[in-house]
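What follows is each chain in one-letter form.
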Amino acid sequence: MSEQKNTQDNDLITRLALIVGVMGGLFGGLILKGARRKATWTWGRINAWFFYSMTVTFFVLAHNLNIPFFIDSLSWIFPKGLGEWVYFNVPRGMQFTVLVVIPFLGWLGAIGAAVSLRVRKYQVGLDHLGLRTSSNLKPVVIDSFRVGEHQKRLLVRAIGIDINDFKNRKGALESAFNAIVEDIRVLENDRQFIEILLSEKSLPTLVGYDEMVTKHLAAPYTFLVGQSLGEFIVGNLLELHHMIVAGSTGGGKSFFFKQALMGIAESSKHIQFYLIDLKRGVEVKIFERLDNVRIAKEAHEAIAILTAVVDEMDKRFKFLEEKGLTEIVPDRDKMDRIVVGIDEASVLFTIEKSSRSSKAAAQSARDLTDRIAKLGRAAAIHLILATQKVVKETIDTRVQTNINARMVFRVNTVASSMTVLGNKMAAELPEIKGRGIWSVGSKDIVVQVPRLSPEEANDRVDDLLEKFNGTGKCQFGPMLLDLDEVQPKKNIFETHSDKKVQVVNDKVNAS
Ligand SMILES: Nc1ncnc2c1ncn2[C@@H]1O[C@H](COP(=O)(O)OP(=O)(O)O)[C@@H](O)[C@H]1O
Ligand SMILES: [Mg+2]
C-alpha cells in the first residue's frame with residue numbers, strides 16, 4: 001500500500017515538475033519580463049503575495065483543519081473527492097508549489113505577456129525606423145504607461161543611441177506610433193533609457209491670452225509660454241534669465257514677444273523695459289504709453305539704449321563689488337529689474353557691407369548685446385531676442401551660448417532647425433500660427449502660444465497705467481535715458497537701403 005502511494009507521489013512530482021518546467025521554458029521570457037519590470041513590484045502586491053503564501057502555508061501545515069471537507073464543499077469548482085485525494089496523496093511541499101509557486105509564476109508571466117502585447121505595436125514601429133547602434137543593437141521598448149487622460153509614456157532602452165537620432169525622426173515616429181510625439185528625453189537617473197511622451201490628442205490651434213493669464217500668472221517676473229499636451233507652461237525670467245525667439249516670418253515671433261513682455265509687465269513690479277524694434281516700433285507701440293518703457297525705432301536709438309543699459313550694468317557691478325555681494329536683488333538693493341527686448345534682432349546685427357559706418361554700428365550693437373547676454377544675469381538685466389534665424393551672421397555664437405531658453409516657431413529648412421535646436425523638430429511643426437517648440441535645457445516641448453490680440457493688448461496696457469504711471473509708481477529708479485534727447489550722428493547710421501533711395505531720388509531729380 002505504502003509502496004503504491006510512493007510511486008503515485010513520484011508520479012505526481014514528476015508531472016508537476018514537468019508542468020513547472022514547461023511553464024518556465026515556454027513562458028520563461030515572459031516571466032522574466034514581468035519580474036524585471038519595476039512597476040510589477042508595488043508594496044501592495046508584494047504584501048498580497050506574502051500574506052497569501054503565509055495563509056497557504058498555514059493551511060497546508062495545519063493537520064487538524066478539515067481541508068478535504070473544505071475543498072469538497074467547493075464541489076461546483078472541483079470534482080468531489082479531489083480535495084481528499086490531494087490532501088492525502090500530495091506531499092506538503094508539493095501542495096505549496098501547486099498553490100503558490102505556479103500561480104506566482106503564472107502571474108509574472110501574465111504581466112510579462114500583457115506588457116509585450118501592449119508595447120508590441122510600438123516595438124514594431126521603432127523597428128521600422130531602423131535605428132541601430134554601430135554594433136547593430138536596436139532600441140527596445142520596455143514598457144508603456146498611461147499618464148493623464150490622453151497621454152502615454154514609452155520607456156525605451158536605447159544603449160548607445162544618440163537622443164537626437166530619435167528627435168530627428170519625430171515625424172517618422174509619429175506615423176509609426178500613430179500618435180503625436182510630444183517630448184523625447186533621456187531618463188534622468190538612468191541615461192541608457194529614453195522616455196517618449198505620446199499623445200492621442202492634438203493641441204488646440206488657438207489659445208486665448210485672457211483666460212490663461214488669470215489661471216496661470218501669479219508669481220512675479222513670469223510670463224505665459226503656451227499650452228503643451230500635458231500642462232500649461234509658464235516661463236520665469238528669474239530662472240531663464242535670457243530668451244531667444246526664433247522662426248520663419250509669420251510664425252508668431254512678434255506676437256509671442258509682445259505677450260511675453262505683457263506677462264512680465266503684468267506680473268511684476270520694479271521693472272524697466274528697453275525695447276528695440278527697427279520696424280519703426282510698430283510691434284511694440286502698444287507699450288509706448290507706459291512710463292517704464294523706452295522704445296528704439298532707429299538704429300542710433302538702439303545703440304543709445306544698449307549703451308545706457310551696459311553703462312548701468314557696469315554701475316551695478318561696481319555696486320556689487322563695493323558691497324561684497326554677488327548679484328543684484330531688486331527689492332534689497334532698490335534697483336529695478338531691466339528687460340531688454342529686441343524684435344527682428346537680425347536687422348540690428350546684420351552688417352551692411354557697403355557702408356563702413358553702419359557696419360560699425362551693427363558691430364557695436366553686437367558687442368553690447370553680447371556683454372548683456374554674458375553678464376546681465378548677476379545685474380538683474382534680462383535679454384529677449386526675437387529673430388528670423390539664429391545663425392552666426394545674425395546672432396553671434398557668443399550671444400547664443402549664453403541663452404539657453406528658446407521659443408522656436410516653424411522654420412523652413414531642416415538646417416535652420418538644426419542650428420536653433422540641434423534637431424529637426426522646428427522644421428516638422430505643422431503650419432499653425434502660434435505653434436512652436438519651447439526648448440529649455442534638454443527639453444523640447446511643443447506648445448500652442450496664447451494669442452494676445454492688439455485690442456486686448458491695448459486694454460491691458462490701460463490697466464497697467466495705474467501701476468507704472470500712477471502716483472504710486474512702482475519703480476525704484478528713474479529710466480536710464482530719454483530717447484528724445486538722442487540725436488543721430490549725421491550719416492553715421494545710414495543704411496544700405498537709405499542710400500539706394502537717395503540714389504533713386506537723385507536720378508529722378510536729374511531727369
Ligand atoms: N499665438 C498665436 N495664435 C494664433 N495666431 C497667431 C499667434 N501668433 C501669431 N499669430 C498670427 O500670425 C501672424 C504672424 O505673427 P507674427 O508674430 O507677426 O509673426 P512673425 O513675427 O514671426 O513674423 C499674426 O498676424 C497673427 O495673426
Ligand atoms: Mg515679426
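On a predicted model such as this, the values are computed, not experimentally measured, just so you know.

**Describing the packing of helix α2 (residues 43-61) against helix α5 (residues 92-129)**
Inference 1: Between α2 and α5, whose axes approach to 9 Å, the crossing angle comes to 160 degrees. By the angle between their axes, α2 is roughly antiparallel relative to α5. Crossing hand, α2 versus α5: right-handed. Where α2 abuts α5, its residues Arg 45, Trp 49, Tyr 52, Ser 53, Val 56, Thr 57 and Val 60 lie against Arg 92, Gln 95, Phe 96, Leu 99, Val 100, Pro 103, Phe 104, Trp 107 and Ile 111.
Inference 2: Split by residue class, the contact of α2 with α5 holds eleven nonpolar, three polar and two charged.

**Some details on empty space enclosed by the protein**
Inference 1: Overall, the coordinates contain one cavity of 30 Å³ or more when judged by the stated rule.
Inference 2: By volume, the largest cavity is sized at about 30 Å³.
Inference 3: Lining the largest cavity, in full, are Leu 261, Ala 265, Phe 273, Leu 275, Phe 287, Leu 290 and Val 293.
Inference 4: Those elements giving two or more residues to the lining of the largest cavity turn out to be α10 (253-267) and β9 (271-277).

**What to know about the pattern of salt bridges**
Inference 1: With the rule as written, the count across this model stands at 22 salt bridges.
Inference 2: A salt bridge links Lys 167 to Asp 444; its shortest N-O distance comes to 3.0 Å. In this pair, Lys 167 is assigned in helix α6 (residues 163-168) and Asp 444 in strand β15 (residues 443-448), connecting sequence segments 277 residues apart. Exposure class is identical for Lys 167 and Asp 444. Each is buried.
Inference 3: Glu 174 serves as the salt-bridge partner of Lys 170, at 3.3 Å between the closest nitrogen and oxygen. Of this pair, Lys 170 and Glu 174 both sit in helix α7 (residues 170-177), separated by four residues, roughly a single helical turn.
Inference 4: Residue classification places Glu 174 among the partly exposed positions, given a relative accessible area of 22%.
Inference 5: Among the ionic contacts, a cluster of salt bridges with common partners joins Arg 153, Asp 183, Arg 185 and Glu 195.

**Side note on helix α14 (residues 356-375)**
Inference 1: Compared with the 28 Å implied by 1.5 Å per residue over 20 residues, the 29 Å span of α14 between its first and last C-alpha is a close match.
Inference 2: What α14 keeps buried is the set Ser 358, Ala 361, Ala 362, Ala 365, Arg 366, Leu 368, Thr 369, Asp 370, Ile 372 and Ala 373.

**Points about unusual backbone geometry**
Inference 1: The phi angle at Tyr 221 is positive, at roughly 60 degrees, despite the residue not being glycine.
Inference 2: In this structure, Tyr 221 sits in the loop between α8 (209-216) and β6 (222-227).
Inference 3: By relative accessible area, which is 9% here, Tyr 221 ends up buried.
Inference 4: At His 270, a residue that is not glycine, the phi angle is positive and equals roughly 50 degrees.
Inference 5: Along the chain, His 270 turns up in the loop between α10 and β9.

**Looking at the confidence of the model for the protein**
In low-pLDDT regions, the fine details of the predicted coordinates are not to be read closely.
Inference 1: Predicted confidence across the protein gives a mean pLDDT of 84, with 88% of residues reaching 70 or more.
Inference 2: For the stretch residues 490-511, pLDDT sits under 50, and the model shows 13 contacts to residues farther than four places along the chain or on other chains.

**Regarding the side chain of Asp 333**
Inference 1: Along the chain, Asp 333 turns up in helix α12 (residues 330-333).
Inference 2: By relative accessible area, which is 11% here, Asp 333 ends up buried.
Inference 3: In terms of polar contacts, Asp 333 uses its side chain to reach the side chain of Arg 332, at 2.7 Å.
Inference 4: The residues contacting Asp 333, other than those within four sequence positions of it, are Phe 319, Leu 325, Glu 327 and Ile 328.

**Focus: the packing of helix α11 (residues 299-323) against α14**
Inference 1: At their nearest, the axes of α11 and α14 sit 10 Å apart, and the two run at 35 degrees to each other. When you trace α11 past α14, the crossing you get is left-handed. In this structure, α11 contributes Ile 303, Leu 306, Thr 307, Val 309, Val 310, Met 313, Asp 314 and Phe 317 to the contact, and α14 contributes Ala 361, Ser 364, Ala 365, Leu 368, Thr 369, Arg 371, Ile 372 and Leu 375.
Inference 2: Of the residues assigned to the contact of α11 with α14, the class counts are eleven nonpolar, three polar and two charged.

**Examining the site of ligand 1**
Inference 1: Taken together, 14 residues are adjacent to ligand 1, and Gly 250, Lys 253, Ser 254, Phe 255 and Lys 433 come closest.
Inference 2: Within the backbone of Gly 250, one N or O atom sits 2.6 Å away from an oxygen atom of ligand 1.
Inference 3: Here Gly 251 contributes a backbone N or O atom positioned 3.4 Å from an oxygen atom of ligand 1.
Inference 4: Summarising the interface, the protein chains cover 81% of the accessible area of ligand 1, which totals 550 Å² for the free molecule.

**Looking at the nonpolar core**
Inference 1: Counting residues in hydrophobic clusters, the biggest one holds 49 residues, and the most contacted among them are Leu 306, Val 340, Ile 342 and Leu 385.
Inference 2: Of all the elements in the fold, those that place two or more residues in this core are β8 (242-246), β9, α11, β11 (337-343), α13 (345-349), α14, β12 (381-387) and α16 (414-421).
Inference 3: Tallying contributions element by element places α11 first for this core, with nine residues.
Inference 4: Aside from chain neighbours lying at most four places away, what touches Val 340 is Tyr 274, Leu 306, Val 309, Ile 372, Ile 381, His 382, Leu 383 and Ile 384.

Conventions adopted
- Residues numbered from 1 in each chain as written.
- Chains lettered and ligands numbered in written order.
- Predicted model: local features only at pLDDT ≥ 70, side-chain atom pairs only at ≥ 80, totals over all residues.
- Heavy atoms only, no water.
- Axes fitted to C-alpha atoms, helices over the stretch in contact; angles between N-to-C directions.
- Helix = DSSP H or I, 4+ residues; strand = E, 2+ residues; numbered from the N terminus.
- Parallel < 35°, antiparallel > 145°, perpendicular 65-115°, else oblique.
- Left-handed = near helix turned anticlockwise from the far one by under 90°.
- Contact = heavy atoms within 4.5 Å.
- Nonpolar A, V, L, I, M, F, W, Y, C, P; charged D, E, K, R; others polar.
- 1 Å grid on protein atoms, 1.4 Å probe; cavity = no way out; pocket = protein on both sides within 12 Å on 5 of 7 lines; lining within 4 Å.
- Points joined across faces, edges and corners; volume = space filled by probe spheres on them.
- Salt bridge = Lys/Arg side-chain N within 4 Å of Asp/Glu carboxyl O.
- Buried < 20%, exposed > 50% of the residue type's maximum accessible area, 1.4 Å probe, protein only.
- Expected span 1.5 Å × (residues − 1).
- pLDDT = per-residue confidence, 0-100.
- Polar contact = N/O pair within 3.5 Å; in protein donor to acceptor, adjacent residues only side chain to side chain.
- Near = heavy atom within 4 Å.
- Areas by Shrake-Rupley, 256 points an atom, 1.4 Å probe, with all protein chains shown as cover.
- Core = buried A, V, L, I, M, F, W, Y, C linked by side-chain atoms within 4.5 Å.

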